[in-house]
Amino acid sequence: MRSQDYDRLYLSPPHLGRHELNYLHKAIEDNWVAPVGPNLDGFERDICEFTGAGHCVALSSGTAAIHLGLRLLGVGPGDEVLCPSFTFVATANPILYLGARPIFVDSEAETWNICPERLREALEDMQRQNRRPKALILVHLYGMPCRLREVLAVAQEFGVPVLEDAAEALGSRYEGQPLSTFGEVGVFSFNGNKILTTSGGGALVTNRPDWAEKVRFWATQARDPAPHYQHSELGYNYRLSNLLAGIGRGQMELLADRVKKRREIYAWYQEHLRAVPGLTLGPQEPTHGQSNRWLSCVLLNPTEMAVTPEQLRLHLETHNIESRPLWKPLHLQPLFAEAPMYGGSVCTNLFVHGLCLPSGSSMQESDLHRVADALRGILLT
Ligand SMILES: *Cc1c(COP(=O)(O)O)cnc(C)c1O
């Protein structure tokens with residue numbers, strides 16, 4: 001990666017391969033630089049092939065995909081949408097775009113994702129008040145599959161459709177099946193820090209052809225079939241460009257390798273930090289789940305060590321190593337101060353005690369030693 005600071009170890013920098021440029025060249029040679037063209041079709045086909053989804057629409061961001069996905073599920077003004085509190089804000093912002101209200105749910109301590117018991121509690125509570133949520137958003141944070149079997153059983157029992165925010169989880173699986181294909185709609189992000197990147201981009205997957213068509217329609221300003229510009233519905237400019245889709249095609253060729261590398265990084269940290277008392281790696285894989293290990297994280301147990309995650313972060317910074325706190329739960333964000341929350345202690349604890357370590361697939365073993373040495377330097381003295 002090129003930057004002003006070659007020595008800096010970043011959290012999760014882009015990692016390009018050898019073939020992205022070929023696709024870009026071809027697009028420019030053939031004059032396909034609009035948000036339409038063979039790379040776009042090919043990128044969507046690649047994602048369908050990998051996930052097994054029936055249809056894919058490449059979009060300008062993961063956030064745009066969540067926005068249109070919620071709209072597919074019929075979310076509109078005044079509706080309520082269930083969502084884990086422990087996630088990036090982009091999971092929940094589209095709920096607000098649509099004039100709906102998020103209902104937040106706590107995590108469970110193993111996968112750090114939505115807790116099936118708290119989810120049931122929320123649904124029972126809402127049912128008593130005759131409130132039926134329009135949708136449930138599932139997030140596989142840091143690439144870790146949530147407890148899908150339990151969570152989907154609860155969603156089904158209460159008849160709530162599921163949108164899977166797999167923005168961080170491309171290449172992760174549950175019962176061998178790629179994430180994003182368990183709900184009605186699945187979402188990926190190809191932002192610069194994700195496991196694969198198009199510099200910026202996203203994708204929506206679904207098995208329903210009519211939904212895919214609708215998303216293409218909305219994403220290109222909802223133009224009715226007419227020779228002039230005719231519009232009956234609200235649309236957006238959300239389509240991915242054919243140029244960026246070319247980068248995506250090159251990146252998709254590397255997916256298996258990138259997942260393998262990130263999993264090796266997690267395993268390396270686990271082995272080399274085992275001897276540090278009070279430190280644990282996370283999150284943990286659920287039964288039947290396999291994570292792409294997008295980010296490796298640590299939790300510091302305050303009863304066993306005096307160093308806080310923030311002190312650790314600042315210490316790593318003095319070694320020119322980037323680390324970052326875990327996501328700050330959304331129910332603690334001023335933006336969502338009004339939103340109801342079921343539980344909260346699990347995700348709040350994760351936020352207070354956790355830190356994300358450099359996990360980029362371009363890391364060398366010497367980089368990993370640099371992180372581990374710096375960690376031991378403060379934690380074991
Ligand atoms: C990155 C991310 C998104 C948003 O994707 P963008 O492509 O950046 O819009 C949504 N949800 C989660 C959990 C993410 O990590």
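Residues numbered from 1 in each chain as written. Predicted model: local features only at pLDDT ≥ 70, side-chain atom pairs only at ≥ 80, totals over all residues. Heavy atoms only, no water.

Caption draft 1: Structural context of the UniProt feature "active site" (unreviewed entry) in the protein chain. When the UniProt feature table is mapped to this numbering, "active site" (unreviewed entry) covers Lys-194. Along the polypeptide, Lys-194 turns up in the loop between strand S8 (185–189) and strand S9 (202–206). Excluding anything up to four places from it in sequence, Lys-194 contacts Ala-167, Glu-168, Ser-189, Arg-262 and Trp-294. (UniProt positions renumbered as here; feature names shortened; annotations may be inferred. Helix = DSSP H or I, 4+ residues; strand = E, 2+ residues; numbered from the N terminus. Contact = heavy atoms within 4.5 Å.)

Caption draft 2: Region of interest: the sheet that holds strand S12 (residues 296–300). Taken in spatial order, the four strands make up an open sheet running S10-S12-S15-S13, and their pairing is antiparallel. The two strands at the open ends of the sheet, each matched to only one other strand, are strand S10 (279–282) and strand S13 (324–325). Relative to the sheet, helix H9 (residues 255–272) contacts S10, S12 and strand S15 (354–357), its axis offset from that of S10 by approximately 165 degrees. (Pairing = 2+ DSSP bridges. Axes fitted to C-alpha atoms, helices over the stretch in contact; angles between N-to-C directions.)

Caption draft 3: Spotlight on helix H3 (residues 62–72). Taking burial as the measure, the eleven residues of H3 include ten buried ones, the bulk of the element. Taken residue by residue, H3 has Gly-62, Ala-64, Ala-65, Ile-66, His-67, Leu-68, Gly-69, Leu-70, Arg-71 and Leu-72 as its buried positions. After H3 finishes, the residue Gly-74 shows a positive phi value of roughly 85 degrees. (Buried < 20%, exposed > 50% of the residue type's maximum accessible area, 1.4 Å probe, protein only.)

Caption draft 4: Spatial organisation of the UniProt feature "modified residue: N6-(pyridoxal phosphate)lysine" (unreviewed entry) in the protein chain. Feature annotation in UniProt assigns "modified residue: N6-(pyridoxal phosphate)lysine" (unreviewed entry) to the following positions: Lys-194. Residue classification places Lys-194 among the buried residues on the basis of a relative accessible area of 9%.

Caption draft 5: Representation of the environment of Glu-365 within the structure. Mapped onto the secondary structure, Glu-365 falls in helix H12 (residues 365–379). The exposure class of Glu-365 is partly exposed, given its relative accessible area of 48%. When the C-alpha atoms of Glu-365 and Arg-216 are compared, they prove to be 43 Å apart, with 149 residues separating the residues in sequence. Among the polar contacts made by the side chain of Glu-365, one reaches the side chain of Trp-268 at a distance of 3.0 Å. (Polar contact = N/O pair within 3.5 Å; in protein donor to acceptor, adjacent residues only side chain to side chain.)

Caption draft 6: Representation of unusual backbone geometry in the model. Here the bond from Gly-282 into Pro-283 is cis, since omega is -10 degrees, no more than 30 degrees from zero. Of note, Pro-283 is situated in the loop between S10 and strand S11 (289–290). For Asn-31, which is not glycine, the phi dihedral falls at a positive 70 degrees. Classification of Asn-31 as exposed rests on a relative accessible area of 63%. Despite not being glycine, Trp-112 shows a phi value in the positive range, around 75 degrees. Mapped onto the fold, Trp-112 is located in the loop between strand S3 (101–105) and helix H5 (116–128).

Caption draft 7: View of the pattern of salt bridges. What the rule picks out here adds up to 24 salt bridges. The salt bridge involving Glu-317 is made with Arg-8; its shortest N-O contact spans 2.8 Å. One end of the pair, Glu-317, is in helix H10 (residues 309–318); the other, Arg-8, is in the segment before helix H1 (20–29), and 309 residues separate them in sequence. Of the residues examined, Glu-317 reaches a relative accessible area of 30% and is grouped as partly exposed. Residue Glu-80 is joined to Arg-131 by a salt bridge in which the shortest nitrogen-to-oxygen separation is 2.9 Å. (Salt bridge = Lys/Arg side-chain N within 4 Å of Asp/Glu carboxyl O.)

Caption draft 8: Geometry of the packing of H3 against helix H7 (residues 209–219). At their nearest, the axes of H3 and H7 sit 10 Å apart, and the two run at 125 degrees to each other. Comparing their axes, H7 and H3 come out oblique. Regarding H3 and H7, the two cross each other, and that crossing is right-handed. Residues Leu-68, Arg-71 and Leu-72 of H3 pack against Trp-211, Lys-214, Val-215, Trp-218 and Ala-219 of H7. (Parallel < 35°, antiparallel > 145°, perpendicular 65-115°, else oblique. Left-handed = near helix turned anticlockwise from the far one by under 90°.)

Caption draft 9: A look at the site of the ligand. Close to the ligand lie 16 residues; Gly-62, Thr-63, Glu-168, Ser-189 and Lys-194 are nearest. Separating a nitrogen atom of the ligand from a side-chain N or O atom of Asp-165 is a distance of 2.8 Å. Note that an oxygen atom of the ligand is positioned 2.7 Å from one of the side-chain N or O atoms of Ser-189. In the complex, the protein chains occlude 93% of the 380 Å² of accessible area that the ligand would expose alone. The element that contributes the greatest number of residues to the shell around the ligand is H3, accounting for three residues. Each residue belonging to the shell around the ligand can be placed in one class, and the counts come to five nonpolar, eight polar and three charged. (Near = heavy atom within 4 Å. Areas by Shrake-Rupley, 256 points an atom, 1.4 Å probe, with all protein chains shown as cover. Nonpolar A, V, L, I, M, F, W, Y, C, P; charged D, E, K, R; others polar.)

Caption draft 10: Geometry of the pairing of S9. With five of five residues buried, S9 lies mostly within the body of the structure. Burial of S9 is two-sided: the residues Gly-202, Leu-204 and Thr-206 facing one way and the residues Ala-203 and Val-205 facing the other way are all buried. In the sheet, strand S1 (residues 55–59) pairs with S9 via five bridges, with the strands oriented antiparallel. Considered in S9, the bridge of Cys-56 is made with Val-205.

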